[in-house]
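If you want the building blocks of each chain, they are given just below.
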Amino acid sequence: MDHSWTVQDSLEHYQLPHWGQPFFSINDKGNITVRPGAKEGPSIDLKSLVDDLQKRGIEAPLLIRFNDILRSRIERLHEVFSNSINEYGYQGNYRGVMPIKVNQQRHVIEEMVKYGKAVNLGLEAGSKPELLIGIAQLESPPDSLLICNGYKDEEYIETALDAQRLGIRTILVL
């Protein structure tokens, strides 16, 4: 039986609807598309984008970032927790924290902190370099947290305490 591969075959094989929605899809040409604004805004054909960049002399591999996806995910996470807090009458506060070890790229951390300011997104630092990044990035917003691993050496603990003295809400977890 000769079966030609279809767009539907790609959707089912790669399970795109289960992990990529609402940002990623496959268009009629069979190419992956991204809609950085989720439901609003234009869709970008990634193959066409890469082809265009190669015509300009920019070769693969490429790192293509979509900051609007970061913004949207931060907003959505905060929205879901806020809805649950309201629905269940929870009396505490939700404070989102991004572990720096998840993605240490400066651009990503800067964007996360920028988009997270409105919802008091904090950072978690598990190492000395991550702690220094957290101190440099947070700039002491009043309700953002800097979560630190308290099982570290004296220099790490002193640096975390220095962050507190700088006005950053630092929590040492033991």
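The structure under discussion appears in the preceding block.
Criteria and thresholds
Residues numbered from 1 in each chain as written. Predicted model: local features only at pLDDT ≥ 70, side-chain atom pairs only at ≥ 80, totals over all residues. Heavy atoms only, no water. Pairing = 2+ DSSP bridges. Helix = DSSP H or I, 4+ residues; strand = E, 2+ residues; numbered from the N terminus. Axes fitted to C-alpha atoms, helices over the stretch in contact; angles between N-to-C directions. Contact = heavy atoms within 4.5 Å. Expected span 1.5 Å × (residues − 1). Buried < 20%, exposed > 50% of the residue type's maximum accessible area, 1.4 Å probe, protein only. Arc of directions from axis to C-beta. Polar contact = N/O pair within 3.5 Å; in protein donor to acceptor, adjacent residues only side chain to side chain. Right-handed = clockwise from strand over helix to strand, strands pointing away.

Q: Tell me about the sheet that holds strand 4 (residues 97-99), residues and numbers included.
A: The strand order 4-5-6-7 describes an open sheet built from 4 strands, whose pairing is parallel. This sheet does not close on itself; its edge strands, each paired only once, are strand 4 and strand 7 (169-173). Taken pair by pair, the neighbouring strands of this sheet meet at an average axis angle of 25°, ignoring direction. Examined bridge by bridge, strand 4 and strand 5 (residues 122-125) share 3 bridges and lie parallel to one another. Considered in strand 5, the bridge of Pro-99 is made with Glu-124. Packed on one face of the sheet, helix 6 (residues 128-138) meets strand 5 and strand 6 (145-149) and runs near 165° to strand 5.

Q: Can you break down the sheet that holds strand 2 (residues 32-34) residue by residue, with the values?
A: Taking strand neighbours across the sheet as the criterion, the 3 strands line up as 1-2-3 in an open arrangement whose pairing is antiparallel. Each of the sheet's edge strands pairs with one partner strand only, and the pair in question is strand 1 (24-26) and strand 3 (44-45). Relative to strand 3, strand 2 is paired through 2 bridges, and the arrangement is antiparallel. In the strand pairing of strand 3, Thr-33 is matched with Asp-45.

Q: Could you give an account of helix 7 (residues 154-165), with specific residues and numbers?
A: Along its 12 residues, helix 7 runs 16 Å from first to last C-alpha, staying within 8% of the 16 Å computed at 1.5 Å per residue. Taken residue by residue, helix 7 has Tyr-156, Thr-159, Ala-160 and Ala-163 as its buried positions. The arc enclosing the buried residues of helix 7, seen along the axis, measures out at 100°, which places them on a common side. Turned more than 90 degrees from where helix 7 packs its buried face, Glu-154, Glu-155 and Arg-165 sit exposed. Those residues of helix 7 that are buried lie in contact with strand 5, helix 6, strand 6 and strand 7. At the N-terminal end of helix 7, a side-chain oxygen is found 3.2 Å from the backbone nitrogen of Glu-155, two or three residues along, and the residue is Asp-153. Trailing helix 7 by a residue or two, Gly-167 shows a phi angle of about 95°, which is positive.

Q: Summarise the environment of Ser-127; cite the residues concerned and give the values.
A: Locating Ser-127 in the fold gives a position in the loop between strand 5 and helix 6. A relative accessible area of 23% places Ser-127 in the partly exposed class. Linking Ser-127 and Asp-143, residues 16 residues apart in sequence, is a C-alpha distance of 22 Å.

Q: For unusual backbone geometry, give the residues involved together with the corresponding values.
A: Note the cis peptide between Gln-21 and Pro-22, where omega equals 0°. Within the secondary structure, Pro-22 sits in the loop between helix 2 (16-19) and strand 1. Following Ala-60, the chain continues to Pro-61 via a peptide bond in cis, the omega torsion being 5°. Phi angles above zero are rare outside glycine, and Gln-15 is one such case at about 55°. Tracing the chain through its elements places Gln-15 in the loop between helix 1 (7-14) and helix 2. Of note, Asn-120 is a non-glycine position whose phi angle comes to about 60°, a positive value. Following the sequence through the fold, Asn-120 ends up in the loop between helix 5 (106-116) and strand 5.

Q: Lay out the pairing of strand 6 with the relevant residues and their values.
A: Counting buried residues in strand 6 gives 4 out of 5 residues, a clear majority hidden from the surface. Direction of pairing for strand 5 relative to strand 6: parallel, over a ladder of 3 bridges. Considered in strand 6, the bridge of Leu-123 is made with Leu-146. Direction of pairing for strand 6 relative to strand 7: parallel, over a ladder of 5 bridges. Counted as the bridge partner of Cys-148 is Leu-172 from strand 7. In this region the chain leaves strand 6, passes through helix 7 and returns to the parallel neighbour strand 7; the handedness of that crossover is right-handed.

These figures come from the coordinates and say nothing about function on their own.
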